[in-house]
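Single-letter residue listing:
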Amino acid sequence: MTPATTFAGRKVALFGLGGSGLSTARALLAGGASVAAWDDGEAGRAKAQAQGLELVDLTRADWREFSALILSPGVPLTHPQPHWTVAHAREAGVEVIGDIEIFCRERARHAPGATFIAITGTNGKSTTTALIAHILRSAGKDVQLGGNIGTPILDLSPPSEAGIHVIECSSFQIDLTPSLAPSIGILINLTQDHIDRHGTMENYAAVKERLVAGADVALIGVDDSFSHAIGARLMERRREGQRVYPVSAARALDWGFFIAERKALYREAGHAPEETETLGDLDGARALRGAHNAQNAAFAAAAAWHCGLSSEEIARGLLTYPGLPHRMEEVGRRGRIIFVNDSKATNADAAEKALLSYDEIFWIAGGKAKEGGIEPLRPLFSRIRKAYLIGAAAQDFARTLEGAAPYEHCGTLDVAIARAAEDAALSDAREPVVLLSPACASYDQFANFEARGDAFRLIARELYVHAPIAGETS
């Protein structure tokens, strides 16, 4: 835990009693603050009470008593309209912040030289965050991993000169962190997202820009127009001592960090192409297939390089990265067949990344369909040897696939895995892939995508990876 000592002796309001909210409450109390905690939901309040937190109905509180409102990132700050707690706080002149802001203040007071790597972007930030942490840990570094991925930031060890915090930041969290100034700030990419919470794409991009604008070292993607524009602005007006680097997975750069021929490369400004430094080779990095993962790898290699790692250490970390659960997770192999759990792909856009990463696909798809179905994936149907359809979306998906790719109605996941494994074993494919990338929400048959992915992993490993597949020849 990181005790919130910067709030010692102060009374604060805290709204939102999910995982990060409860974590923040514990840190504030450990640091000597008085906490008035509240949640609109009865379940959240009950959980807080069970942990011994004092509940205060903030609808009836005197807001002049509070020095800050600590807001959960899931609660609207500005759009579609400020939450009622935000309105009360602003009327009383009370600052509105989040848990990452508390961490930043603790770092500034107790360990201003502590390495703090903050990662954001519309896509790929979880993989990039986990990959950076893996590379650094593989090189023997003391790494704390959390934020928007896994562990709330205040549940991690306090910042220290010897440690490195690798923190994923959502736009909602950045919006609640006015003093955000990481050692290394990473902006991977920007596409339209969360407009309901930010009002416009321009507002959304401006929030993301704050993370790199405050960084000592800013690593900025140049493969989309919004990020490219942010990088150009920072280059023009960077403050003294700030270093800004472009990062690309789409093309070789005159200088900066980039991917070319599946290699992570770095070239200093003004240096000739033959002086380019190779930081790692993605061939053989099984968890980093696809163009999207090449982008993630470019940023991870750049961050590790700035942390002082050698190219050998970076290369080793890239090759040994195991991947995140449910994101193109290779759960096992049986002979030629690879079993891949991409349960996190709950819409067509997410499933596209997996379909682009493999060639001989026995595709398990379906569940509770999102708007648009799988029609956007039509250009990739040629990669699909056969589709195995499950859940409520099966009929709609069958109509889309008709005449473009063979399919079979399987109903449930266990049946789909069995049929896909059998067909893959009998196929002439060099490396057939049984791929769960549903392009659907899970909740027609599973509680969440994690439960769906866990079921796939269990069935694949117990019945197929470690036992013969029906129809398999020796």
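Residues numbered from 1 in each chain as written. Predicted model: local features only at pLDDT ≥ 70, side-chain atom pairs only at ≥ 80, totals over all residues. Heavy atoms only, no water.

**Points about the packing of helix α5 (residues 125-138) against helix α10 (residues 290-306)**
Two numbers describe how α5 lies on α10: the axes approach to 9 Å, and their chain directions differ by 45°. In terms of axis orientation, α5 runs oblique to α10. The handedness of the crossing between α5 and α10 comes out as right-handed. For the pair α5 and α10, contact is made by Thr127, Thr128, Leu131, Ile132, Ile135 and Leu136 and by Asn293, Asn296, Ala297, Phe299, Ala300, Ala303 and Ala304, respectively. (Axes fitted to C-alpha atoms, helices over the stretch in contact; angles between N-to-C directions. Helix = DSSP H or I, 4+ residues; strand = E, 2+ residues; numbered from the N terminus. Parallel < 35°, antiparallel > 145°, perpendicular 65-115°, else oblique. Left-handed = near helix turned anticlockwise from the far one by under 90°. Contact = heavy atoms within 4.5 Å.)

**Description of the sheet that holds strand β3 (residues 68-71)**
Across the sheet, four strands lie side by side as β2-β1-β3-β4; this open sheet has parallel pairing. In the strand order of this sheet, the two ends are held by β2 (34-38) and β4 (95-97), each with one partner. Across this sheet, the average inter-strand angle for adjacent strands is 25°, counted without regard to direction. (Pairing = 2+ DSSP bridges.)

**Quick look at the pairing of strand β5 (residues 115-120)**
Along β5, five of the six residues are buried, which leaves the element largely enclosed by surrounding structure. Looking at chain direction, β5 and strand β7 (residues 163-168) are connected through five bridges and run parallel. Its bridge partner being in β7, alanine 118 is matched across the sheet by isoleucine 167. Taken together, the four bridges between β5 and strand β8 (residues 184-187) define a ladder with parallel strand orientation. Bridge pairing links threonine 120 to leucine 187 in β8. (Buried < 20%, exposed > 50% of the residue type's maximum accessible area, 1.4 Å probe, protein only.)

**Some details on the pairing of strand β9 (residues 217-221)**
Among the five residues that make up β9, five are buried, leaving the element largely enclosed by the rest of the structure. Looking at chain direction, β8 and β9 are connected through four bridges and run parallel. What sits directly across from isoleucine 186, in β9, is leucine 219. Where β9 lies against strand β10 (residues 243-248), five bridges are found, and the strand directions are parallel. Residue pairing for β10: glycine 221 is matched across the bridge by valine 247. Once the chain exits β9 it traverses helix α9 (residues 225-237) before rejoining the sheet at β10, and the crossover so formed is right-handed. (Right-handed = clockwise from strand over helix to strand, strands pointing away.)

**Looking at helix α3 (residues 84-91)**
Thr85, Val86 and Ala89 are the residues of α3 that are buried. Along the axis of α3, the buried positions cluster into a sector of 100°, meaning they face one direction only. The inward-facing, buried residues of α3 contact β1 (11-15), β3 and β4. Directly beyond the C-terminal end of α3, a positive phi value near 70° is found at glycine 93. (Arc of directions from axis to C-beta.)

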